Every structure is written in structure tokens, then in C-alpha cells.
Amino acid sequence: DAVALAREADHSEVARTLRARFPHPYTVDHARAWIELRAPESPPTALAIVRREDARLLGGVGVDRLADVARLTGEIGYWLGPEHWGRGYAREATAAFVAYLFEAFDFERLEAWVFAPNLASRRLLEACGFRLEGIARRSVVTGILRLRSTFTERTFLLLVSNSSHAPRFGMSLP
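Residues numbered from 1 in each chain as written. Predicted model: local features only at pLDDT ≥ 70, side-chain atom pairs only at ≥ 80, totals over all residues. Heavy atoms only, no water.

With respect to the nonpolar core
Line of reasoning, step 1. Of all hydrophobic cores here, the largest spans 26 residues; its most connected members are Ile76, Leu101, Leu110, Leu125 and Phe130.
Line of reasoning, step 2. Elements with a minimum of two residues in this core: strand E1 (46-50), strand E2 (57-65), strand E3 (73-80), helix H4 (89-104), strand E4 (109-115) and helix H5 (119-127).
Line of reasoning, step 3. With nine residues, the single largest contributor to this core is H4.
Line of reasoning, step 4. In terms of nonpolar packing, the next biggest core, distinct from the first, is built from twelve residues, Leu5, Ala6, Ala9 and Leu57 among them. (Core = buried A, V, L, I, M, F, W, Y, C linked by side-chain atoms within 4.5 Å. Buried < 20%, exposed > 50% of the residue type's maximum accessible area, 1.4 Å probe, protein only. Helix = DSSP H or I, 4+ residues; strand = E, 2+ residues; numbered from the N terminus.)

Quick notes on the pairing of E2
Line of reasoning, step 1. Burial analysis of E2 places seven of its nine residues in the buried class, the great majority of the element.
Line of reasoning, step 2. Looking at chain direction, E1 and E2 are connected through five bridges and run antiparallel. Across the sheet, Ile49 pairs through a bridge with Gly59, a residue of E2.
Line of reasoning, step 3. Where E1 hands over to E2, the hairpin turn is made up of six residues, of which Ala55 adopts a positive phi near 60°.
Line of reasoning, step 4. In the sheet, E2 pairs with E3 via seven bridges, with the strands oriented antiparallel. Each bridged residue has a counterpart across the sheet, and for Asp64 the counterpart in E3 is Glu75. (Pairing = 2+ DSSP bridges.)

Observations regarding the pattern of salt bridges
Line of reasoning, step 1. Across all of its chains, the model carries 14 salt bridges by this definition.
Line of reasoning, step 2. Between Asp64 and Arg21 there is a salt bridge, and its shortest N-O distance comes to 2.5 Å. Remark: Arg21 occurs in the loop between helix H2 (12-15) and helix H3 (28-38) and Asp64 occurs in strand E2; sequence separation between them is 43 residues.
Line of reasoning, step 3. Judged by its relative accessible area of 25%, Asp64 falls in the partly exposed class.
Line of reasoning, step 4. Because the salt bridges share partners, they merge into one network encompassing Arg7, Glu8, Arg56 and Glu83. (Salt bridge = Lys/Arg side-chain N within 4 Å of Asp/Glu carboxyl O.)

Concerning H5
Owing to its 3.6 residues per turn, the α-helix brings residues three or four apart onto one side.
Line of reasoning, step 1. Taken residue by residue, H5 has Ser121, Leu124 and Leu125 as its buried positions. One side of H5 carries all its buried residues, which in axial view fall inside an arc of 95°.
Line of reasoning, step 2. Among the residues trailing H5, Gly129 stands out with phi positive, at a value near 100°. (Arc of directions from axis to C-beta.)

Considering the packing of aromatic side chains
Line of reasoning, step 1. Throughout the structure, instances matching the rule amount to five aromatic pairs.
Line of reasoning, step 2. Ring geometry for Tyr100 and Phe105: centres 6.0 Å apart, planes at 90°, overall edge-to-face.
Line of reasoning, step 3. With a relative accessible area of 17%, Phe105 lands in the buried category.
Line of reasoning, step 4. An aromatic cluster of three or more residues is present, and its members are Phe97, Tyr100, Phe105 and Phe107. (Phe/Tyr/Trp six-rings, centres within 6.5 Å; stacked < 30°, edge-to-face > 60°.)

Here's the deal with the packing of helix H1 (residues 2-9) against H3
Line of reasoning, step 1. Packing of H1 against H3 brings their axes to within 8 Å, and their N-to-C directions diverge by 115°. The handedness of the crossing between H1 and H3 is right-handed. Contacts between H1 and H3 involve Ala2, Val3, Leu5 and Ala6 from the former and Val28, Ala31, Arg32, Trp34 and Ile35 from the latter.
Line of reasoning, step 2. Considering only residue class, the contact of H1 with H3 consists of eight nonpolar, no polar and one charged. (Axes fitted to C-alpha atoms, helices over the stretch in contact; angles between N-to-C directions. Left-handed = near helix turned anticlockwise from the far one by under 90°. Contact = heavy atoms within 4.5 Å. Nonpolar A, V, L, I, M, F, W, Y, C, P; charged D, E, K, R; others polar.)

Coordinates in, geometry out; function isn't part of it.
Here it is, written out as C-alpha cells:
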């Protein structure tokens, strides 16, 4: 539901770890637009992360298929409301989502970019079988004006479909 999505997404701590296309502040209108954009997809490429006990929305996980010669590659991303960080929800959801992507789609490779300061996200991806492929130095810029911008690096992690590192958690997704 759009209200729950906006409640969890509207935190500067969340926006700071994601690409600029993830708006902040995150409003109910943003949430409605996102749901309308992704709802018709079959099979879905974006899913809500919900708590098993009470179905409370905690965050989201999704994949974007790359284009042209990289069309068998998907770039995954995920986020949780800050109240839910450090409890294993993102790892469990990401591991299940990775297994789902390799079963439901023809991906040969999954990638994830992590802003270098976000070590928790890198550890999460490594726990899900991703391995460091590279570091893109000065590839992330924040701010609008170059004089006021901050540059940092991002870490590039990858998982390939025949990877023996991919965990299987026995979860099922649609």
C-alpha cells in the first residue's frame, strides 16, 4: 500500500544509500507512481519486503535488466526502512530474490553497485554469493553544482548463474 511504502521510504538514511532516482522526500504520490509502474509486470521485477509475522511492509527489492550486449545481466537493488536495519530481513529477501531471478528469468549474471561507505550492504551481498569484481573510483557524485559536489567510489559486486556461491534458503517467491 502506498502509505506504508512512503512511511518506510521517506528517510534521508535510505535515500543516501540509493541512486538519485529514488526521491527524497518520498511521498505517497511517489509510492503510488512506483506501484502503478511495477504492478503490471509479469513476472514481477520488483517486490515488497514484508515481515513474515504480520505482513508489515519493510522495504523493497528489484532488478533492472541491462540493454544491448548486456541484456542477460540484471542489476539488483534493495532497501529497508532504517528501523529494520541489522535484523537479517534484507539478506533473507535478497537471497530469495536472487534465486527467484535465476529461476524466472534468463539472466546469466546479476550485478549490484554499492556506495563504498556502505559496508553493511557489501557484506549482505557477499553473504548472498556476490563477489567483488571492481571498484569504480570517483564514479559517484552527489550535489548539483560541481563546486558543491562530493565524489566517492562505488564497489561493484557480481554473481553469475552457475555460481556455487549462491545460497539456497528454501524460500519461495511468486
